[in-house]
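Chain by chain, the residues:
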Amino acid sequence: MANGPKVHSVTWPALFEPKHLLCAPKSIGQNKVVALSPRGVGAIVSVAEHHDDKVQAEIFSLIGLNEAGKLAGAAWTRRGLHLVTSVGKMLQCDGHSHIDGRWACQAAEHAPLPISAGNELLAAAFKEFPEDANAASQGPLVALVLKNFPKFAALYRSID
């Protein structure tokens, strides 16, 4: 019989209210989890099989997010964090950890999502395709939930 999941007691930063939880991609070979708030405060936790039951989260800031709007969704891929903001902007945060409490983000190579004026995203999810996949030339797949249509989820893929 397989063992159940290992439970860790994580000490989060004071007043931290994350809305997004991301697991590290298998390709980086580390068991890490990132929690992100809509305003760009994050915490990263390393979780290992041999780790103590108590884990301290490392706090960091997503540099560059504030100018792009609140975080609506994110994914952690082989290249780093991919962020989608409430106004449809897409950002790329390279690497797999912060440096001295700062994780630098910049506009992604993909065009912003076509969000109409006066609308915003409530939630978004991002899927990156492998570099050798036929779909890679079409850009990422993004699932969206709009504030004006909260009961519908739309799938969007741009042709870059």
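This text follows the structure it describes.
Note that the structure is predicted; figures quoted are calculated from it, not measured.

Thresholds applied
Along each chain, numbering runs from 1 in the same order as the chain's sequence is written. With the structure being a predicted model, the display of local features is reserved for residues of pLDDT at least 70 and the display and counting of side-chain atom pairs for 80 or more, all residues being used for whole-chain, interface and lining totals. To obtain the side-chain values, all non-hydrogen atoms of the structure were included, while hydrogens and water were left out. Strands are treated as partners if at least two bridges between them are detected by DSSP. The secondary structure listing takes helices from DSSP runs of H or I that are at least 4 residues long and strands from runs of E that are at least 2 residues long, numbered from the N terminus. Relative accessible area decides the class of each residue, using a 1.4 Å probe on protein chains only: under 20% of the type maximum gives buried, over 50% gives exposed, and in between gives partly exposed. To obtain an axis, a line is fitted to C-alpha atoms, over the contacting stretch when the element is a helix, and the angle between two such axes runs from 0 to 180 degrees between their N-to-C directions. Only heavy atoms enter the contact rule, under which two residues are in contact if any of them lie within 4.5 Å. Salt bridge, as used here: a side-chain nitrogen of Lys or Arg that lies within 4 Å of a carboxyl oxygen of Asp or Glu.

A.B. asks: I tried to follow the sheet that holds strand β7 (residues 71–77) on my own but got confused; where do I start?
C.D. replies: Picture the strands of a sheet paired through backbone hydrogen bonds; they go either parallel or antiparallel. Read from one edge of the open sheet, four strands run β7-β8-β9-β11, paired in antiparallel fashion. Either end of the sheet is taken by a strand with one partner, and the two such strands are β7 and β11 (106–107). The pairing of strand β8 (residues 80–85) with strand β9 (residues 90–94) spans five bridges and is classified as antiparallel. Residue pairing in the sheet places Val-84 in a bridge with Met-90 of β9.

A.B. asks: Is there a simple way to explain unusual backbone geometry in this structure?
C.D. replies: Outside of glycine, negative phi angles account for most residues, and trans bonds account for most peptide bonds. A positive phi angle, close to 60°, is found at Leu-15, a residue other than glycine. Tracing the chain through its elements places Leu-15 in the loop between β1 (9–11) and β2 (20–23). A relative accessible area of 85% means that Leu-15 is categorised as exposed. Phi angles above zero are rare outside glycine, and Asp-100 is one such case at about 50°.

A.B. asks: Hey, could you run me through the sheet that holds strand β14 (residues 149–157) in this one?
C.D. replies: In space, the three strands of this open sheet follow the order β12-β13-β14, with antiparallel pairing throughout. Here the strands that pair on one side only, and so sit at the sheet edges, are β12 (121–127) and β14. Looking at each pair of strands side by side, their axes are set apart by 15° on average, direction ignored. As judged from the five bridges shared by strand β13 (residues 141–146) and β14, these two strands associate in the antiparallel manner. Considered in β14, the bridge of Val-142 is made with Tyr-156.

A.B. asks: Looking at this model, I keep getting lost on the pairing of β8. Mind explaining?
C.D. replies: In terms of residue burial, β8 counts as a mostly covered element, since six of its six residues are buried. Alignment of β7 against β8, held across six bridges, turns out to be antiparallel. Directly across from Gly-73, in β8, lies its bridge partner Val-84. The loop that links β7 with its antiparallel partner β8 comprises two residues. Counting the residues that bridge the hairpin from β8 to β9 gives four residues, and of these Gly-88 lies at a positive phi of roughly 90°.

A.B. asks: What exactly am I supposed to notice about the environment of Phe-16 here?
C.D. replies: As for its placement among the helices and strands, Phe-16 is situated in the loop between β1 and β2. Measuring from C-alpha to C-alpha, the distance between Phe-16 and Ala-43 comes to 8.7 Å, with 27 residues separating the pair along the chain. Every residue in contact with Phe-16, bar those within four places of it in the chain, is listed here: Ala-35, Leu-36, Ser-37, Val-41, Gly-42 and Ala-43.

A.B. asks: Which parts of the structure should I look at to understand the pattern of salt bridges?
C.D. replies: Close approach of charged atoms lets side chains of opposite charge pair. Overall, the coordinates contain three salt bridges when judged by the stated rule. For Glu-128, the salt bridge identified is with Arg-78, shortest N-O distance 2.9 Å. Of the two residues, Glu-128 sits in the loop between β12 and β13 while Arg-78 sits in the loop between β7 and β8, which places them 50 residues apart along the sequence. Its relative accessible area of 34% is what places Arg-78 among the partly exposed residues. Its salt-bridge partner being Glu-128, residue Arg-79 comes within 2.9 Å of it at the nearest N-O pair. Residue Arg-79 is found in the loop between β7 and β8, and its partner Glu-128 is found in the loop between β12 and β13; the two are separated by 49 residues along the sequence. Since its relative accessible area comes to 30%, Arg-79 is described here as partly exposed. Glu-128 sits in the buried class, given a relative accessible area of 16%. Through salt bridges with shared partners, a single ionic network connects Arg-78, Arg-79, Glu-109 and Glu-128.

Honestly, it's all geometry; don't read function into it.
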